[in-house]
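Spelled out, the chains give:
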Amino acid sequence: DVTLQDAATFSGGTSRTHNLYGNFIVNTSAGTPYSFTTASTLNFNTPTPAAGTSISGSTVATLGFNSINMNNTSGFSSTENFNATGTLTVAACVTFTNTTIVAVTTSLAGAGTFDNTATGTLNIAGSITISTLTASAVGSTVNYNGTGAQSVIAVNYYNLTISGASTVNSVTLS
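Procedures and definitions
Residues numbered from 1 in each chain as written. Predicted model: local features only at pLDDT ≥ 70, side-chain atom pairs only at ≥ 80, totals over all residues. Heavy atoms only, no water. Pairing = 2+ DSSP bridges. Helix = DSSP H or I, 4+ residues; strand = E, 2+ residues; numbered from the N terminus. Axes fitted to C-alpha atoms, helices over the stretch in contact; angles between N-to-C directions. Patch = residues over 30% accessible without salt bridge, like charges linked within 9 Å, V, L, I, M, F, W, Y side chains within 5 Å. Areas by Shrake-Rupley, 256 points an atom, 1.4 Å probe, with all protein chains shown as cover. Salt bridge = Lys/Arg side-chain N within 4 Å of Asp/Glu carboxyl O. Buried < 20%, exposed > 50% of the residue type's maximum accessible area, 1.4 Å probe, protein only. Contact = heavy atoms within 4.5 Å. Phe/Tyr/Trp six-rings, centres within 6.5 Å; stacked < 30°, edge-to-face > 60°.

**Thoughts on the sheet that holds strand 11 (residues 82–84)**
Working step 1: Here we have six strands laid out as an open sheet, ordered 8-11-14-17-20-22, and parallel in their pairing. Where the open sheet ends on each side, the last strands, each with one partner, are strand 8 (63–65) and strand 22 (159–162). Between one strand and the next, the sheet's axes are offset by a mean angle of 15°, whatever the strand orientation.
Working step 2: Sheet topology note: the strand 14 (residues 101–104)/strand 17 (residues 121–124) ladder contains four bridges and is parallel. Residue pairing across strands places Val102 opposite Leu122, the latter belonging to strand 17.

What follows is the structure, encoded as structure tokens:
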């Protein structure tokens, strides 16, 4: 596990890939507990022994990442708000369970499942090409908030919002 306590911060560095085989726990009062560059990637991999992992903690800050790869085949969840300015990829045989606010700028991709629960909000400014998006739980919200053309994928939504600078001609219902 990686745990940030008190006023601790973690810098992702320049053009680096970080492989985590456990939980990312943020119990810090730091305004920016995790910082990254546009070329950094964070991989959440299956630990030994295999177990579900998460982003959790008690920070009030929204965590900011660039690209994130969810590779843990035992499952992954988040109880902390976070932004991915690059791509959030959920690998095959992986389910990412969202119980908070996740914002993705570039794309939500992969052969896995993104499960937006009753308390989950997905803000997507880019594309969704993930194999399975579940967004029908009572209270679940998906907000397509891009500034350019976006395609709304054909799934059942509980709350579907189209916002941002999109125009009627730039939103496609798949």
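Moving on from the model shown.
**So, the pairing of strand 9 (residues 67–70)**
Working step 1: Bridge count between strand 6 (residues 41–44) and strand 9: four bridges; the pairing is parallel. Looking at the pairing, Leu42 lines up with Ile68 of strand 9.
Working step 2: With three bridges joining them, strand 9 and strand 12 (residues 87–90) adopt parallel strand pairing. Its bridge partner lying in strand 12, Met70 is registered against Val90.

**Some remarks on a nonpolar patch on the surface**
Working step 1: Together, Leu160, Ile162 and Leu173 give the surface a local cluster of nonpolar side chains, amounting to about 290 Å² of exposed area.
Working step 2: Tracing the chain through its elements places Leu173 in strand 23 (residues 171–173).
Working step 3: Judged by its relative accessible area of 64%, Leu173 falls in the exposed class.

**Observations concerning the side chain of Asn45**
Working step 1: Following the sequence through the fold, Asn45 ends up in the loop between strand 6 and strand 7 (53–57).
Working step 2: For Asn45, a relative accessible area of 12% translates into the label buried.
Working step 3: The residues touching Asn45, leaving out its near neighbours within four places in the chain, are Asn19, Leu20, Tyr21, Asn71 and Asn72.

**With respect to unusual backbone geometry**
Generally, phi is negative for residues other than glycine and the peptide bonds are trans, each holding for most cases.
Working step 1: Cis geometry marks the peptide bond from Thr48 to Pro49, where omega comes out at 0°.
Working step 2: For Asp6, which is not glycine, the phi dihedral falls at a positive 55°.
Working step 3: Among the structural elements, Asp6 can be located in strand 1 (residues 2–6).
Working step 4: The exposure class of Asp6 is exposed, given its relative accessible area of 58%.
Working step 5: A positive phi angle, close to 70°, is found at Cys93, a residue other than glycine.
Working step 6: The residue Cys93 is located in the loop between strand 12 and strand 13 (95–98) in this model.
Working step 7: Exposure remark for Cys93: the relative accessible area of 66% places this residue in the exposed category.

**Quick word on the packing of aromatic side chains**
Working step 1: Using the criterion set out here, one finds seven aromatic pairs in the structure.
Working step 2: Taking the centre distance of 5.6 Å and the plane angle of 80° together, the rings of Phe65 and Phe82 count as edge-to-face. Placement of the pair is Phe65 in strand 8 and Phe82 in strand 11, with a sequence separation of 17 residues. For the pair Phe65 and Phe82, a shared accessibility class is recorded, and that class is buried.

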